[in-house]
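# Report on the structure
So the chains spell out like this:
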Amino acid sequence: MAAAPPEEFLKRLVELTKTEQAAEEKESSLLFTNASVSLLERSGLALGNLSGQTSIGLGGRLLVELTRPAAYHSSPDFPPHDFRPGDLARLRPQGAAGGGARKATRGPSKEEKGKEKDDDALDAVVYRTTANRMVLAVDDPSDDFMLPERIQIIKVANPITFVRQCFFLNRALRKLEAAEPLSPLLSVLLGQQKPTIFQRSPDEPLSFINENLNASQKEAVDFALSSNEVALIWGPPGTGKTETLVEIIRQCVKADKRVLVCGASNLSVDNILARLSVSHPNFPQPIPLTRVGHPARVLSGLTRHTLDAQSSSTDSSALVEDIKKEIEELENKLRNGSGKTRIRGSERKKMWEEVRELRKEFRKRQGGIVSEVVSKAKVVLATTHGAGGRSLDRFEFDVVIIDEAAQATEPACWIPILKGKKLILAGDHLQLPPTLKSSDRLTKSLGSKSSKATSKEGTAPPAQPGKLTLSPDLEVTLFSRLLARHGPSIRRMLKVQYRFNAKINSFPSTMLYDGELVPDESVKDRKLSDLEGVEADEDLDEPVVFFDTAGQAMYERAAEDGSFGSASKSNENEADVVHKYVQALVNANVPPTSISIISPYNSQVLLLASLIHPQYPEIEVGSVDSNQDVVIVSLVRSNAEGEVGFLRELRRLNVSMTRPRRHLVVVGDSETVSKGSNFLKKWMEWLEEEALVKVP
Ligand SMILES: Nc1ncnc2c1ncn2[C@@H]1O[C@H](COP(=O)(O)OP(=O)(O)OP(=O)(O)O)[C@@H](O)[C@H]1O
C-alpha cells in the first residue's frame, strides 16, 4: 500500500463514501425488485393500510402523522418494523401498482426530493416513531400533493448521510487545493506533522472535578487535555469512558473553551448529555449546553436540552409559533379539502403563494433564534451526522470530542472535525466496527475455514504504521488509522472495568487487552445469587457455563428464505438448549428482564424469538446493545467442514462475551468452532478449562 499525499487520501475517502452509498442503494434496489409488498411488510420494510394527518414542524417541514385505523387493523400498534428516525420512507397510496416500488431504488437528488417517484409516491424522512404513531417529515412537498386516504410506506435507501460526508471531505480537499495553511489538527490528521503535547508544570498538577476517577481515567483526562491536536481514549467495555469524557468536557468548560461533543449514535450522545446535565458538587454551576438533533431521537427526559425545545422558549418564539399556525391552517385547507370544499383555480394559486412567503419568513426567523441559542451554549452535543446540519453552519469549537469513534467511519468523523481546533476520540477498536454495506470482508469470510491466526484477526486490516495509507475500504476507522500510525503514544487506555466479574474478564483481557483490563473490586465477585430472590447455587453461581454440543449431531441449517440474508444459518437444537436453560433460570427466580440472548445469525435470532417470546416476552433476543446480568450466546455453527462464517469476527464476539455482568452462557459446537481461527480455538480451550461445561 503506497503512502498517499493528503489530496489523494481525501479523494480516496470521497470515492469510498460513494462506493458505500452505491452499495446501500444496490441492496435496496435488489430488495425492491425481488420482493413483493407483502414480503416487505413481513420483513418490517413496509407498513400498509395507514391513515395520515398533516401538520407543520421545525423548519417549516410538512409533517405527516401515520396511524393504523381500526377499520383495517385489529390493533393500533405497528407490527415489528425497521423504520427508524432519519430513515427515508416512500409514501404512496395503498395498492398502487407495482412490486415493492418500481422506481424506488435510488434516493432522491435534491431536485427530485418531494416529487413523484412512482405514480403518486413521495419520499419523506422518518421523524418520530412510537408503538402506534409514526411521523414523517417532507421537506418540499409539491403544491398538489394530497394525502391519500389509505397509505403505504416502504423503506428506501437514504443518501443524505453520504452526501453530507462527501460535502465535508470536499471542503477539506478545497483547503488543500487552494494551498491554504492547514491547522495543526488537519496537519496531524493528514500526516503532515506529528501530534504534540503541552507539558504541564509539575508544580501545577491538574485539579480533578471528579476525584473518584481511577488512576487510568485520570491519566486519560490529563493526556487528552494536554494534547494539542489529537488524543485517543481507548475504553474497553465498562471502563468508564463516559465518566472520563464528562470530566474532560467539564475541564474544558472550566478553561472557557467551547466544545462540540459528537457520538456515532444518538444513544452515545445522550449518555453523555444525561451525565453532563447533572451538576457535580465540585462544579455546581449548570453548563450552558444544547443538544442538536430531532427531539424524537433524543432520550425522553433530556428533550428539554434540545435545540428545538430551547428555541421555542425564547422571547421571539411566540411570533414564530403564530406564523407556523397560519401556515398549518392554510395548508390544511389546501390539502385536506375534497369535493365541494376543495379550493380551486386562482384562489388556490394565491393561497399557495401566501404559504410559500410565510414559510420563507418562518425559516428566516427560526434560523435567527437557532443561532442565538447555539451561540450561548458552551457545549453542543450532536451525532457526527447531526454536526453537519444547518444549525451549526457558522460555528467553530475549541475542542471536538467523538465518542464511539471506533464505530464511526472516517468520512463521518470529518463532518465535526472541520469545526474544531483539537480532536479527542474515545472508543474501542476491538468492539463493534462501523456497519458497512460495501465491504465484502464478511461475505468473503463466510464459508472460509482458513485460520491465519493472529491475536487481532477478524478486525479490520490495520492501517500501515508511519504512513498515510490508502484504505482498502471504510473498515479502517480514523481511530484505528491514528492508532496504527502513531502507536501507543497517541492513546491512553482505561484499565478498570465496572461491569463483569473476574472470570468473565479473564479471557478478553488476556487475548485482546494484553492482560491490562482488570475488574474493579466492586464487581470482581459478582454472581447470580446476589440478585434478589435467587438462592445461592453452585451451578448458577458459576460465572461462565458452556453447553458443548460437539459430537451430539446438533447440526446447523441454512436459512430457507433466500431473499433475506441467504448466508444466514440457524440451529434448532441449540435453540432448544437455550430455551430449556432460560426456563431453569426463571425457575430459580432469575427475572426474565435480567436475561438476554445473542446470536450472530439473523435466522437463529428469529427462531429463538419465536421460541422464547411467547413465554417470556421481556427477554431481549438478538441485540447486543444492552448489558445484562445473564447473557446467553448461541453460536449456531456445527458442520463437518469446520465452517464458522461470522464467528470469526472477533469484535462481535468480544462484545457478546463482555455484555453479561454475572453469568455468561455459551451454546456451541467446540469441534466446529475451534477450527475457525486461532482466537476461536483458544476460546474453546478456555471454556473447556474454565467454564462449567455441560453436555446438552
Ligand atoms: N472511577 C469510577 N468509580 C466507580 N464507578 C465508576 C468509575 N468510572 C465508571 N464507573 C461506573 O462504571 C459504569 C460504566 O461507566 P460508563 O458508562 O462511563 O462506562 P463506558 O465505558 O462509557 O461504558 P460502555 O462500555 O457501555 O461504553 C457506570 O456505572 C459508572 O458509574
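Residues numbered from 1 in each chain as written. Predicted model: local features only at pLDDT ≥ 70, side-chain atom pairs only at ≥ 80, totals over all residues.

Naming follows an unreviewed UniProt entry, where the chain appears as DNA helicase of Rhodotorula toruloides. A UniProt comment under Sequence similarities (unreviewed entry) is attached to the chain, and it reads "Belongs to the DNA2/NAM7 helicase family." Under the UniProt heading Catalytic activity (unreviewed entry), the entry covering the chain gives this text: "ATP + H2O = ADP + phosphate + H(+)". (UniProt positions renumbered as here; feature names shortened; annotations may be inferred.)

## What to know about the sheet that holds strand β23 (residues 692-694)
One open sheet holds the six strands; their spatial order is β20-β19-β21-β22-β16-β23, and the pairing between them is parallel. This sheet does not close on itself; its edge strands, each paired only once, are β20 (620-621) and β23. Pairing of strand β19 (residues 595-598) with β20 involves two bridges; the strand directions are parallel. Within the sheet, the bridge partner assigned to I597 lies in β20 and is V621. (Pairing = 2+ DSSP bridges. Helix = DSSP H or I, 4+ residues; strand = E, 2+ residues; numbered from the N terminus.)

## Side note on the site of the ligand
Near the ligand lie 13 residues; those nearest to it are G240, K241, T242, E243 and Y498. Per-element accounting of the shell around the ligand gives the leading share, three residues, to helix α6 (residues 241-254). Grouping the amino acids of the shell around the ligand by side-chain chemistry returns three nonpolar, eight polar and two charged. (Near = placed C-beta within 6 Å. Nonpolar A, V, L, I, M, F, W, Y, C, P; charged D, E, K, R; others polar.)

## Some details on the nonpolar core
Ranked by size, the top nonpolar core spans 111 residues in total, and within it L136, I249 and I401 carry the most contacts. When residues no more than four places from it in sequence are discounted, the contact partners of I249 are V259, V261, L276, V379 and I401. (Core = buried A, V, L, I, M, F, W, Y, C linked by C-beta atoms within 7 Å. Buried ≥ 20, exposed ≤ 12 C-beta atoms within 10 Å, placed from the backbone. Contact = placed C-beta atoms within 7 Å.)

## Here's the deal with the environment of G238
With respect to the helices, strands and loops of the structure, G238 is situated in the loop between β7 (230-234) and α6. Among residues more than four places away in sequence, those in contact with G238 are Q497, Y498, R499 and F500.

## Description of the sheet that holds strand β5 (residues 134-138)
Pairing in this closed barrel of six strands is antiparallel, and the strands run β1-β2-β5-β4-β3-β6 around the ring. Across the sheet, the mean angle from the axis of one strand to that of its neighbour is 45°, orientation sign disregarded. (Axes fitted to C-alpha atoms, helices over the stretch in contact; angles between N-to-C directions.)

## Focus on the pairing of strand β12 (residues 420-427)
Most of β12 is tucked away, with seven of its eight residues classed as buried. One ladder, built from five bridges, connects β7 with β12; its direction is parallel. By the bridge assignment, V230 is partnered in β12 with L423. Where strand β11 (residues 397-403) and β12 come together, five bridges link them in parallel fashion. Residue F397 lies in a different strand from β12, and its bridge partner there is G420.

## Observations regarding the packing of α6 against helix α7 (residues 266-276)
Interhelical geometry of α6 versus α7 gives an angle of 60° and a closest axis separation of 10 Å. If you check the angle between α6 and α7, you find them oblique. Considering how the two elements wind past one another, α6 and α7 form a crossing that is right-handed. Across from T242, L245, V246 and I249 in α6, the residues of α7 making contact are N271, I272, R275 and L276. Residue composition of the contact of α6 with α7, by class: five nonpolar, two polar and one charged. (Parallel < 35°, antiparallel > 145°, perpendicular 65-115°, else oblique. Left-handed = near helix turned anticlockwise from the far one by under 90°.)

## Describing the packing of helix α5 (residues 215-226) against α6
The contact between α5 and α6 brings their axes to 10 Å, and the two run at 40°. Relative to α6, the element α5 is oriented oblique. Every pair of crossing elements has a handedness; the one defined by α5 and α6 is right-handed. Each of Q217, A220, V221, A224 and L225 in α5 lies in contact with α6, whose residues at this interface are E243, T244, E247, I248 and Q251. Looking at side-chain class alone, the contact of α5 with α6 contains five nonpolar, three polar and two charged residues.

## Section: the pairing of strand β22 (residues 660-668)
Burial runs high along β22: nine of the nine residues are buried. With five bridges joining them, strand β16 (residues 544-548) and β22 adopt parallel strand pairing. Each bridged residue has a counterpart across the sheet, and for V544 the counterpart in β22 is L664. Sheet analysis places strand β21 (residues 628-634) next to β22, joined by six bridges and oriented parallel. Of the residues in β22, the one forming a bridge with V631 is L664.

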